[in-house]
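# Notes for the structure review
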Amino acid sequence: AKFVELPFGLGPTWFDEMDYSSGDPLPKDHIRRLKSLKHAVEILDPLLSSLTGIHSEGGDACNDATWIPERIFLFGFSAGACLV
């Protein structure tokens, strides 16, 4: 599945924070917003698990983990972390 494309050729966004046809913000409990946030977590979770060796379902670390979780930082920009 793909991320949502922003209008005006701005590229994709991590999650839906607004109705892009009207410009109105989506309420925090709006189903479209929640589904898009879940999608972002489903993308990031395997990535972080592969870096740390810690799997979300059990929390067990495998022996070939090379990244320390406390040293991984995720940065975003513009309230939705527009992806380049």
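Before reading further, recall that the structure is shown in the block above.
Described in the following lines is the structure provided in the data block. (Residues numbered from 1 in each chain as written. Predicted model: local features only at pLDDT ≥ 70, side-chain atom pairs only at ≥ 80, totals over all residues. Heavy atoms only, no water.)

## Details of the pattern of salt bridges
Going through the model one piece at a time under the given rule, you end up with two salt bridges. As a salt-bridge pair, Asp16 and Arg32 come within 3.2 Å of each other at their nearest N and O atoms. Of this pair, Asp16 sits in the loop between strand S2 (11-13) and helix H1 (31-52) while Arg32 is found in helix H1, placing the two residues 16 residues apart along the sequence. Asp16 sits in the buried class, given a relative accessible area of 5%. Of the residues examined, Arg32 reaches a relative accessible area of 33% and is grouped as partly exposed. The closest approach of N and O atoms between Glu42 and Lys38, which form a salt bridge, is 3.6 Å. Of this pair, Glu42 and Lys38 are both found in helix H1, four residues apart, which corresponds to roughly one turn of the helix. Given the relative accessible area of 45%, Glu42 is considered partly exposed. Residue classification places Lys38 among the exposed residues on the basis of a relative accessible area of 52%. (Salt bridge = Lys/Arg side-chain N within 4 Å of Asp/Glu carboxyl O. Helix = DSSP H or I, 4+ residues; strand = E, 2+ residues; numbered from the N terminus. Buried < 20%, exposed > 50% of the residue type's maximum accessible area, 1.4 Å probe, protein only.)

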